[in-house]
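Letter by letter, the chains look like this.
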Amino acid sequence: MEKLKIGEIIQNLRRKNKITQEQLANHIGISTAAVSKWESGTSYPDIVSLPILARYFNVSIDELMNYRLDMNNDDIENLVSECESLMKDGKLDESIKKCEEAIEKYQYNYTLKIKLVEVYNMYTILINDVDKINKVNERSVEILEDIVENSNDINMRESSLFHLSSKHIMLRNLSKAEECLKKIHIPEVNPNTILPSIYLELGKIEDGRRLLQNNLLRCFGEMYISCSLLGSTYSGEVETVNEDIDFEKAEKYINLSMKTKEILYPEGKNILPVDTNYILLAKLYMKKNKQEKAIDLLNNMVKEIKDFDRNKTYNANKIGCFDYLLGKEQICSDDIMKKTYENIVQTLELEFKDLNLNKEYENLLQELRNII
């Protein structure tokens, strides 16, 4: 029989209602230490206390004792797939309604909640209404804050803080985004730099290789993003940087970011639906009046988009040097890719107006529209 979660539920209800252990204890007529023991799972409330607790928190006794059926991981994956399918069929609001019903029904299942935030992310990609996007992002913030405040799983809390920071960035709450990231524990020493050597000495070759490959993949990812962002700071793309454009440094960093991707995916660069570094570097060349170089870059981007196999699943372990990594295969949905490429076309139309009379540029733009 599954262990009763009544202590965890009492703790969640108490925190949600901003009630102290002492206040709860006084209402029921017991000691604060007794409430503490309930919440830690050391003991359970007696049968007389259950109706009092249920009335106090305005829940049923079944809810209090966790008799409400919970969802296991397979149930969650099935629900997420169902909601994503609804969105692909254009039933976006129906999908969100189903998510909200599940959150209401299983309000203490934080694994479910963090998974449904991913569904909400998909919703914001597929719609164009800014007000609706902001509303859904604000709802995601509420869900993630609930996880951070009430989940007992430290990894889930820290993952939620990371996602919460991203949501605050989208909502332009930059101070809150910074605050979230600073709450994430970052160890001064990373044990994963030393553990592989120990595994290899112990003869745990697969564990050692897997951890080393994981370290390598993370380093590549950080290098790709860092170089791209550094290029942005020198190319005049960051509004808060009040200094002249440094073309040499900007070009060097952006090229290094693109080279990182080529090294990482030697079997073919077209593993990403689009590499926005092409646009970043093309804009830099436009500022230097090098229109031909800009158009060459945009042509290369369109070629990669055309070569991208939308029916192929992508996983790092399919790449030769990451064969020991574990992970779920992912495929980019048609809807998300379509939206991505529509945004690319809008960006080109907005940022490269000076090329409107250039025949080669008009052709590549039309190619993109044909892909969509």
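Please refer to the structure higher up on the page.
What this report covers is the structure whose coordinates are included nearby. This is a predicted model, so every value here is computed, not measured. (Residues numbered from 1 in each chain as written. Predicted model: local features only at pLDDT ≥ 70, side-chain atom pairs only at ≥ 80, totals over all residues. Heavy atoms only, no water.)

This part takes up the pattern of salt bridges. The tally for this structure, following the rule as stated, stands at 20 salt bridges. Linking Asp275 and Lys261 is a salt bridge whose minimum nitrogen-to-oxygen distance equals 3.1 Å. With Asp275 in the loop between helix H14 (247-264) and helix H15 (277-287) and Lys261 in helix H14, the pair connects residues that are 14 residues apart, well separated along the chain. Across this residue pair, the class does not change: Asp275 and Lys261 are buried. The residue Lys303 makes a salt bridge to Asp307 at a minimum N-O spacing of 2.9 Å. In this pair, Lys303 and Asp307 are both assigned in helix H16 (residues 291-307), four residues apart and thus about one turn of the helix distant. Judged by its relative accessible area of 40%, Asp307 is partly exposed. By sharing partners, the salt bridges in this structure join Glu237, Lys283, Lys287 and Glu351 into a single network. (Salt bridge = Lys/Arg side-chain N within 4 Å of Asp/Glu carboxyl O. Helix = DSSP H or I, 4+ residues; strand = E, 2+ residues; numbered from the N terminus. Buried < 20%, exposed > 50% of the residue type's maximum accessible area, 1.4 Å probe, protein only.)

In this section: the packing of aromatic side chains. The full count for this structure, using the stated rule, is two aromatic pairs. Between Tyr56 and Phe57 the ring centres are 5.2 Å apart and the planes differ by 70°, which places this aromatic pair in the edge-to-face class. The exposure class of Tyr56 is partly exposed, given its relative accessible area of 28%. Classification of Phe57 as buried rests on a relative accessible area of 7%. Taking 5.9 Å as the distance between ring centres and 10° as the angle between the ring planes, the aromatic pair formed by Tyr234 and Tyr253 counts as stacked. Note that Tyr234 is positioned in helix H13 (residues 205-234) and Tyr253 in helix H14, a separation of 19 residues in sequence. (Phe/Tyr/Trp six-rings, centres within 6.5 Å; stacked < 30°, edge-to-face > 60°.)

A few words now on H14. A rise of 1.5 Å per residue sets the reference length of H14, with its 18 residues, at 26 Å; its end C-alpha atoms lie 26 Å apart and thus fit the reference within 8%. Ala250, Ile254, Ser257, Met258, Thr260, Lys261 and Leu264 are the residues of H14 that are buried. One side of H14 carries all its buried residues, which in axial view fall inside an arc of 145°. Seen from the open side of H14, the exposed residues pointing more than 90 degrees away from its buried face are Glu248, Lys252 and Ile263. (Expected span 1.5 Å × (residues − 1). Arc of directions from axis to C-beta.)

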